[in-house]
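Residue strings, one per chain:
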Amino acid sequence: MDFIQFIKIIMPLTLASAAPIISTSLGGLFSERSGVVNIGLEGLMMIGAFTSATVTVLVEPSLGVLSPWVGIIAGIIAGGLFSLIHAYVSINLRADQVISGTAINLLAGGLTIYLCQIIFNQQRTRTFLYGIKKQEIPFLSDIPLIGDAFFSKVHITSFIVILLAIIVWYVVFKTPFGLRLRAVGEHPGAADSMGINVYRMRYIGVILSGLFAGLGGSIMVLSQDIQYTHMSIHGTGFIALAALIFGKWHPIGVLGAGLFFGFSQALGVIAFQVPFLSKLPYEFFWAFPYVLTIIALVVFSGKSAGPRAIGKPYDKGER
Amino acid sequence: MKKALSLLLVSILVIGLLAGCAEKYSEDVSFRVGFVTDTGGIDDKSFNQGTWEGVQKYAEENKWKEGRQYKYIQSNEEADYIPNLSAFGDDNYNIVIAAGFLFGDSMTEVAPQYPDTNFTIIDMVVAQPNVASVVFAEEQGSFLVGVAAARATKTKKVGFIGGVDFDLIRKFHAGFAAGVHSVDPTIEVIDQYAGDFGNPGLGQQIASTMYDQGVDVIYHAAGGTGNGAINEAKGRRENGEDVWVIGVDKDQYEDGKMADGKSAVLTSMMKRVDVAAYNMIQAAKDGKFPGGEIIALTLADDGVGIPEENPNLDKAVVKEIEDYKKKIVAGEIKVPATMDELADFIK
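Residues numbered from 1 in each chain as written. Chains lettered and ligands numbered in written order. Predicted model: local features only at pLDDT ≥ 70, side-chain atom pairs only at ≥ 80, totals over all residues. Heavy atoms only, no water.

**Q** Just to check I follow, could you spell out the nonpolar core for this structure?
**A** Val33, Ile97, Ile122, Phe143, Phe172, Phe176 and Tyr219 of chain B are the most contacted members of the largest nonpolar core, which has 72 residues in total. Element by element, the count of residues in this core is highest for helix α6 (residues 167-183) of chain B, at nine residues. Mapping this core onto the domain boundaries places at least three of its residues in each of domain 1 (33-136 + 273-300) and domain 2 (138-270 + 314-346) of chain B. Once you skip the residues sitting within four places of it in the chain, Phe176 of chain B turns out to touch Ser142, Phe143, Val145, Gly146, Ala149, Val158, Gly159, Phe160, Val189, Tyr219 and Ile246 of chain B. Residues Leu44, Ile47, Val57 and Leu241 of chain A belong to the second largest nonpolar core, which totals 52 residues. (Core = buried A, V, L, I, M, F, W, Y, C linked by side-chain atoms within 4.5 Å. Buried < 20%, exposed > 50% of the residue type's maximum accessible area, 1.4 Å probe, protein only. Helix = DSSP H or I, 4+ residues; strand = E, 2+ residues; numbered from the N terminus. Domains from an automatic or database assignment. Contact = heavy atoms within 4.5 Å.)

Laid out in structure tokens, this is it:
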């Protein structure tokens with residue numbers, strides 16, 4: 001395998017595994033920027049993945065090729081609705097946000113399998129015929145060299161997610177809404193005194209996290225799996241959480257962190273087939289993504305840039 | 001309103017009575033079968049489902065009723081294994097069946113506490129006097145799908161994806177490579193172990209890398225991780241590439257179905273856990289339960305093999321596989337089960 005071929009193989013793999021991480025991580029960004037820790041991203045992904053797979057299977061006979069897209073929209077909505085539980089518990093009831101998030105994860109794992117049992121009479125959804133397929137991106141895939149590496153045999157959803165990261169950056173840092181969201185996460189008391197409705201902003205933050213995590217879960221199951229099972233998400237929500245911290249709660253940082261995690265996983269896979277690397281033992285490559293992550297965290301660590309009021313419930317009377 | 005309601009209730013009663021009359025099940029409860037699933041669930045399309053089908057087949061033939069002569073308990077987490085196995089022991093079930101290596105430790109612990117109960121573990125060995133361990137000659141079945149792969153490849157490169165690297169999965173690997181080699185020694189077999197049975201994304205990436213390097217048939221022995229490989233094969237076939245994937249444990253033809261109704265799954269290496277369950281129930285019923293023994297189901301017992309229906313295989317290839325099967329059963333071919341034996345085989 002020469003270098004050009006190596007790049008051609010690894011880039012599409014990186015994009016494929018990075019997309020769900022980035023999407024979910026952007027969701028976490030909205031929630032945490034508004035001051036609500038969301039450890040329930042994994043569970044929200046499961047809900048999104050389950051819903052999109054189920055809807056895809058159910059509408060396939062009538063909608064055909066369109067069905068995964070209908071599935072994705074359903075998955076996004078389901079993620080948003082499910083996140084309302086987290087929003088209500090942690091904003092209105094002022095419960096511990098970590099515990100609420102953990103409850104979301106546990107609940108989602110059980111609930112999705114239970115619903116599969118009811119709908120499909122088995123502990124997983126039926127296999128879908130139409131998923132999100134790898135494809136050539138029109139025009140861009142014709143660019144020499146770059147076209148082959150970045151725009152050929154890729155999922156269109158990967159580029160949608162990258163575009164979303166840029167939009168999120170604009171929204172969070174360049175609009176009044178973004179300013180309010182960040183203010184609520186930094187100093188809710190001050191924001192409140194300026195007439196910003198803290199509860200409303202936090203609700204919006206958490207619901208957006210549900211929508212994005214739902215999208216991440218949908219992309220993951222429809223592009224990588226053949227059905228939703230209890231293994232479909234396998235910890236990606238937590239990796240997204242790590243990417244959020246690694247990316248310092250910044251959309252472009254999150255984009256970079258997601259691509260980095262995707263790349264290191266892909267490298268772990270592909271290294272077996274690079275002649276001089278394949279002499280090393282298997283275990284080396286399995287540990288590889290994690291070792292790279294630790295190294296990167298050490299190298300890039302510095303002042304933590306998390307929102308200051310993160311994890312603290314806001315009590316209006318307590319000023 | 002009241003009248004309508006009472007009419008409804010009466011009619012339900014009558015229907016209930018009629019249904020009662022139609023009882024066609026046996027009343028004899030002197031012999032009962034219990035089955036404990038692992039966390040995969042009763043309909044995992046794999047071991048649990050297969051074993052349960054074997055139990056059901058036996059039950060149907062003997063007019064048993066679920067819940068009366070046979071039933072299963074679902075394990076929702078690994079901590080449930082011991083209580084679930086014990087529950088059947090406490091109820092004096094005659095035979096208690098579990099499938100998969102996950103049950104190794106729990107069965108070792110539970111079996112000695114119920115010395116009068118016959119325990120069966122499928123696809124794992126537990127050394128207890130009242131446990132029958134049923135294992136499979138996976139290398140023989142894998143040899144057959146290796147023949148299919150060798151006949152299907154046009155690039156002369158085939159791939160093997162293993163779940164976790166240990167002796168059991170190496171049996172699949174060795175048998176598969178031997179099967180390929182027997183048809184055409186010039187075909188290259190590329191292998192990779194995922195290190196995980198439950199990561200579809202990883203399976204997809206490994207498959208993608210292999211296909212990109214010219215492999216056109218992949219055999220996976222990787223459970224959920226293999227689902228990703230099936231996804232990759234589906235996607236590529238729909239984009240017009242002539243690639244295949246070979247399923248494992250159960251007939252995975254349905255899993256590879258694409259929009260045009262065809263499947264990307266060439267064939268599957270089936271472990272007939274249903275045969276194992278059926279045979280053990282029969283043995284226990286006849287009082288010939290092989291407690292403490294290891295029973296290896298081979299091609300000769302139809303314990304492993306390819307599905308009966310193979311829409312993606314030519315008749316000639318199916319015929320050739322049949323011929324190889326006969327040779328293996330007759331002992332003319334000794335299929336290697338380890339990498340060392342494979343090296344000797346290839347020489």
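**Q** Would you mind going over the confidence of the model for chain A with me for this structure?
**A** In low-pLDDT segments, the atomic positions of the prediction should not be examined closely. Summing up the model confidence of chain A, the mean pLDDT is 90 and the portion of residues at 70 or higher is 98%. When pLDDT is averaged over each element of chain A, helix α9 (residues 198-224) of chain A comes out on top at 97 and helix α12 (residues 282-300) of chain A at the bottom at 77. (pLDDT = per-residue confidence, 0-100.)

**Q** Would you mind going over helix α2 (residues 47-61) of chain B with me for this structure?
**A** Three- or four-residue spacings in an α-helix give side chains the same orientation, since the helix completes a turn every 3.6 residues. Residue and element names in this part refer to chain B. Over its 15 residues, α2 runs 21 Å from end to end, which matches the ideal 21 Å to within 8%, given 1.5 Å per residue. If you check which residues of α2 are buried, you get Phe47, Asn48, Gly50, Thr51, Trp52, Gly54, Val55, Tyr58 and Ala59. Of the residues flanking the end of α2, it is Lys63, one or two places downstream, whose phi is positive at about 55 degrees. (Expected span 1.5 Å × (residues − 1).)

**Q** So what exactly am I meant to see when it comes to the interface of chain A and chain B here?
**A** Size of an interface, as often reported, equals the accessible area lost when the parts are brought together. Contact with chain A, which involves 34 residues of that partner, is made by 46 residues of chain B. Summed over the three residues of chain A that lose the most area to chain B, namely Ile226, Gln273 and Tyr282 of chain A, the buried surface amounts to 18% of that side. Here Lys134 of chain A makes a salt bridge to Glu232 of chain B, at a shortest N to O gap of 2.8 Å. Run the count over chain A and chain B and you get 13 residue pairs in polar contact (both at pLDDT 80 or more). Secondary structure elements with two or more residues in the side of chain A that touches chain B: α1 (3-33), α9, α11 (251-270) and α12 of chain A. (Buried area = accessible area lost by both parts, 1.4 Å probe. Salt bridge = Lys/Arg side-chain N within 4 Å of Asp/Glu carboxyl O. Polar contact = N/O pair within 3.5 Å; in protein donor to acceptor, adjacent residues only side chain to side chain.)

**Q** How should I be thinking about the environment of Glu322 of chain B in this particular structure?
**A** Along the chain, Glu322 of chain B turns up in helix α10 (residues 315-330). Expressed as a C-alpha distance, the spacing of Glu322 of chain B and Leu144 of chain B, which sit 178 residues apart in the sequence, is 8.5 Å.

**Q** It is not clear to me how the sheet that holds strand β10 (residues 265-271) of chain B should be interpreted in this structure. Could you clarify?
**A** Note on sheets: strands pair through backbone hydrogen bonds, and any given pair is parallel or antiparallel. Residue and element names in this part refer to chain B. Spatially, β7-β6-β8-β9-β10-β12 is the arrangement adopted by the six strands of the open sheet, whose pairing is mixed. A single partner strand is all that each edge strand has here, and the edge strands are β7 (188-193) and β12 (304-305). Note that strand β6 (residues 157-162) and strand β8 (residues 217-221) share five bridges and pair parallel. Considered in β8, the bridge of Val158 is made with Val217. Along the sheet, helix α8 (residues 223-238) contacts β6, β8, β9 (244-249) and β10; its crossing angle with β9, the most-contacted strand, is approximately 155 degrees. (Pairing = 2+ DSSP bridges. Axes fitted to C-alpha atoms, helices over the stretch in contact; angles between N-to-C directions.)

**Q** I tried to follow a nonpolar patch on the surface on my own but got confused; where do I start?
**A** Residue and element names in this part refer to chain A. Taken together, Phe3, Ile4, Leu140, Ile143, Leu145, Ile146 and Phe150 make up a surface patch of nonpolar side chains, about 640 Å² in accessible area. Counting only elements with at least two residues in the nonpolar patch, the list comes to α1 and α5 (146-150). With respect to the secondary-structure elements, Leu145 resides in the loop between β1 (134-135) and α5. (Patch = residues over 30% accessible without salt bridge, like charges linked within 9 Å, V, L, I, M, F, W, Y side chains within 5 Å. Areas by Shrake-Rupley, 256 points an atom, 1.4 Å probe, with all protein chains shown as cover.)

**Q** Please clarify how the packing of aromatic side chains should be interpreted in this entry.
**A** Two numbers describe a pair of aromatic rings. These are the distance of the centres and the angle of the planes. Applying the stated rule across the entire model yields 24 aromatic pairs over all chains. The side chain of Lys285 of chain B reaches across the aromatic face of Phe31 of chain B, ending 5.9 Å from its centre. (Phe/Tyr/Trp six-rings, centres within 6.5 Å; stacked < 30°, edge-to-face > 60°. Lys NZ or Arg CZ within 6 Å of the ring centre and 35° of its normal.)

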